[in-house]
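Here is how the chains run, residue by residue.
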Amino acid sequence: MEPENNYSLEAIDKQIKNIVVAAEELKRLSSGVPAIDKNAEAILTFAHILENDVSDILELDEERR
Amino acid sequence: MDRARYWNAITETMSREQLEKLQLNAFRKRVKWAIDNSPFYQKIYRQAGIEPENIKTMDDVRKVPLVSKEELRAAQQAEPHLYGETLAVPVSELTAYHQTAGTTGKSLYVTDTYESWQNMVEAFCYNIYAMGLRNTDRVFIAFPYNVFIAFWVGHYAAEKIGCEVVPGGTMSTRARINKMKEVRATALMCTPTYGLRMAEVAQEMGIDLANDLAVRKIICAGEPMPEATRLNLEQLWRSDVYDHIGTAEVGPWGYMCEQKKGLHLLESMFLFEFLDLETTSKPIQLGEVGVTVITTLFKRSFPTIRYNLKDIVQLSARKCPCGRTFRMIDSIRGRTDNLTKIRGVLFTPLSIEEVIRDNFPQIVEFETVVTTAGTQDNLLLKIELNPSVNPQDFSSIENRLVETLKFKTNLTFAVEFVPQQTLPRYEYKSARFKDLRRE
């Protein structure tokens, strides 16, 4: 699939939030299975990096509005 | 805008106004985290009456106390073992141990959680992507993979951007050169000193770096690289050579882009302040020389907030044509703790390297020793020449070297020619300056 020409921070942020919710739910469902728990944590780590890159910037725009 | 030119076009090209707001927000969060979780910062911030919600401008930032390596080191003497009061997360969250090289005293222990380590890797991705590394590159890492952070983070960053990584590990220099030839590595990561050393060994092996090897990009780190040394490496390797700066405590914070003119500051992940050398209290202006104070904006485990790096840099007035809006530094001038007075003259050992690499390609290796005789400081520069130099030329080389050094440093050096292969060679940080006056 070709990348979109103009990115939308809002659309990216929405998907990051979805990932965070899904990964947290995975952790909750892991019932102590380390393979699920730790991989879900890794997903959260990268989601947090994306939050720094996108969501935090969006937050600034929202503050300005 | 061609977004693929940047690792992260969103942050690297954002407006200065937005960037500064982003930094201030993140700075406030770091200070709050430190107050809530780090016994070390709790103490000093309570004493100084620091309230995160009152930090709204850069003037407010400057009211937060500076922190030094010595203070962090002292705080590590407390319990719990290893990190003492500097630790700001439970031990169960730690996943990476590293330490500083200890060139300025006892090593500082540095730790990361999985998340802060991945942020370190992310920061290095900005660096190497700007230098032009891509997923078609095969990167050879000439680093012994030990407790020093150096190219550990480079390894994972290269992997993350999709390069194929060849770990040089504990191989000898000859074995590394042969391996680079065998696998046709297209890029190399090493210290500048070791890049020169490899070139010397390749010559002994009869290997032509330009034609027998496929290396076209070299990423240097670990020690200051004067422009003359960078150009020397480019000539020896017929490659593009890039500088990058970072430390174990804070992470990789500055990088060259493909323009190779100065270093960009990674301002979306760090907050930088450049302060006057004398009082470390006033911000310097563009083009001036000052000391670097840095805040890592992503670290929870081992916060470094208004950390005095002691790196002396010249703040650039240049706007880079690459389009990045991050500020730049022109050069790294050394460290405040390496500045020393010799015969009453303020001196940095980096100036010797600048003179040699800029003017004397025939000098293969060198070492400076300062001693005291009575009340007089004596400076001795030991040099090893390329074997092709005619002994008849020694005296003219010596005269020119003494004269150039005098002009550059205002000091008179005695020069000693030493036999080949007698001066130490370095794989990591070099230690070419020996001050024996205090011993």
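Everything quoted here is computed from the prediction, not taken from an experiment.

Reading guide: rules and limits
- Residues numbered from 1 in each chain as written.
- Chains lettered and ligands numbered in written order.
- Predicted model: local features only at pLDDT ≥ 70, side-chain atom pairs only at ≥ 80, totals over all residues.
- Helix = DSSP H or I, 4+ residues; strand = E, 2+ residues; numbered from the N terminus.
- Rg over C-alpha atoms; globule rule 2.2 N^0.38 Å.
- Buried ≥ 20, exposed ≤ 12 C-beta atoms within 10 Å, placed from the backbone.
- Contact = placed C-beta atoms within 7 Å.
- Axes fitted to C-alpha atoms, helices over the stretch in contact; angles between N-to-C directions.
- Left-handed = near helix turned anticlockwise from the far one by under 90°.
- Nonpolar A, V, L, I, M, F, W, Y, C, P; charged D, E, K, R; others polar.
- Expected span 1.5 Å × (residues − 1).
- Arc of directions from axis to C-beta.
- Core = buried A, V, L, I, M, F, W, Y, C linked by C-beta atoms within 7 Å.
- Pairing = 2+ DSSP bridges.
- Domains from an automatic or database assignment.

The next thing to look at is the overall build of chain B. A tally of regular secondary structure across chain B gives 13 helices and 19 strands. Against the 2.2 N^0.38 benchmark of 22 Å for 439 residues, chain B shows a C-alpha radius of gyration of 22 Å, consistent with a compact globule. For the C-alpha atoms alone, the extent of chain B along its principal axes is close to 70 × 60 × 45 Å. For chain B, the residues scored as buried account for 44% of the 439 residues in total. Restricting the contact set of chain B to residue pairs at least 6 apart, pairs at least 24 apart contribute 65%.

What follows is about the interface of chain B and chain A. Taken together, the contact between chain B and chain A spans 14 residues of the former and 10 residues of the latter. Those elements that place two or more of their residues in the side of chain B that touches chain A are α1 (9–12), α2 (16–37) and α6 (114–130) of chain B. With 5 residues, α6(B) is the single largest residue contributor to the side of chain B that touches chain A.

Turning our eyes to something else, we now look at the environment of A373(B). All names here are of chain B. Within the secondary structure layout, A373 lies in strand β16 (residues 363–373). Residue class for A373 comes out exposed when judged on the 7 C-beta atoms lying within 10 Å of it. The spacing of A373 and R437 is 64 residues in sequence and 9.1 Å in space, taken between C-alpha atoms.

Residue and element names in this part refer to chain B. In the contact formed by helix α11 (residues 227–237) and helix α12 (residues 350–359), the axes pass within 7 Å of each other and the chain directions differ by 35°. As α11 packs across α12, the resulting crossing turns out to be left-handed. Where α11 abuts α12, its residues A228, T229 and N232 lie against E353, E354, R357 and D358. Across the contact of α11 with α12, the residue classes break down as 1 nonpolar, 2 polar and 4 charged.

Attention now moves to α2(B). Residues and elements named next belong to chain B. The terminal C-alpha atoms of α2, which comprises 22 residues, lie 31 Å apart, in line with the 32 Å expected from a rise of 1.5 Å per residue. All buried positions along α2 are accounted for by L19, L22, Q23, A26, F27, R30, V31 and A34. Across the axial projection of α2, the buried residues extend over an arc of 170°, all falling on one side. Of the exposed residues in α2, those oriented more than 90 degrees away from the buried face are E17 and D36.

Quick look at the nonpolar core now. All names here are of chain B. Counting 110 residues, the largest nonpolar core has V139, L188 and I218 as its most contacted members. Ranked by residue count, the leading element in this core is α6, at 10 residues. Apart from the residues within four sequence positions on either side, V139 is in contact with L133, A158, C163, V165, V166, A185, A187 and M189. Counting 10 residues, the second-largest nonpolar core is a separate cluster that includes I352, V364, I383 and L401.

Attention shifts here to the sheet that holds β16(B). Residues and elements named next belong to chain B. Read from one edge to the other, the open sheet built from 4 strands follows the order β18-β17-β16-β19, with strand pairing classed as mixed. Two strands in the sheet have a free side with no partner beyond their single neighbour: β18 (414–417) and β19 (433–435). Adjacent strand axes in the sheet meet at a mean angle of 20° when their direction is disregarded. Judged from the 10 bridges that link them, β16 and strand β17 (residues 376–385) form a sheet pairing that is antiparallel. Across the sheet, residue V369 finds its bridge partner in β17, namely L380.

All names here are of chain B. Hairpin connection, β16 to β17: the antiparallel pair is bridged by 2 residues, and G374 has positive phi, about 65°. Note: β17 against β18, 4 bridges, orientation parallel. For L381, the partnering residue across the bridge sits in β18 and is V415.

All names here are of chain B. Read from one edge of the open sheet, 11 strands run β4-β3-β5-β6-β7-β8-β9-β13-β12-β11-β10, paired in mixed fashion. A strand with exactly one partner marks an edge of an open sheet, and here the two such strands are β4 (164–167) and β10 (270–275). With strand direction ignored, the average angle separating the axes of adjacent strands in the sheet is 40°. Against the sheet, α6 makes contact with β6 (217–220), β7 (240–247), β8 (251–255) and β9 (263–265), and its axis sits at roughly 20° relative to β8, the strand it touches most.

Residues and elements named next belong to chain B. Take L87: it is sitting in the loop between α5 (69–75) and β1 (94–99). Taking the C-alpha atoms as reference points, L87 and D112, 25 residues apart in sequence, are found 9.8 Å from one another. Here L87 is in contact with P80 and S301, once residues within four sequence places are set aside.

Since the α-helix packs 3.6 residues into each turn, any two residues three or four apart lie on the same face. All names here are of chain B. Among the residues of helix α7 (residues 152–161), those classed as buried are W152, V153, G154, H155, A157 and A158. The elements touched by buried residues of α7 are α6, β3 (138–141), β4, β5 (187–190), β6 and β8. Remark: G162 follows α7 within two positions and exhibits a positive phi of approximately 105°.

Once that is clear, we can look at the domain arrangement of chain B. All names here are of chain B. With domains assigned, chain B is organised as domain 1 (1–334) and domain 2 (340–435). One C-alpha centre belongs to domain 1, the other to domain 2, and the line joining them spans 29 Å. Tallying the contact residues gives 19 residues for domain 1 and 14 residues for domain 2. Residue assignment for the side of domain 1 that touches domain 2 shows that the elements contributing at least two residues are α9 (192–204), α11 and β13 (328–335).

Trans is the prevailing form of peptide bonds, just as negative phi is the prevailing case for residues other than glycine. Of note, the amide linkage connecting E79(B) to P80(B) takes the cis form, showing an omega dihedral of -5°. By secondary structure assignment, the location of P80(B) is in the loop between α5 and β1. In this model, S31(A) sits at a positive phi of 50°, which is unusual for a non-glycine residue. Mapped onto the elements, S31(A) comes out in the loop between α1 (9–29) and α2 (34–64). In the Ramachandran plot, R184(B) falls in the positive-phi region, its phi being about 55° despite a non-glycine side chain. Inspection of the secondary structure assignment puts R184(B) in the loop between α8 (173–183) and β5.

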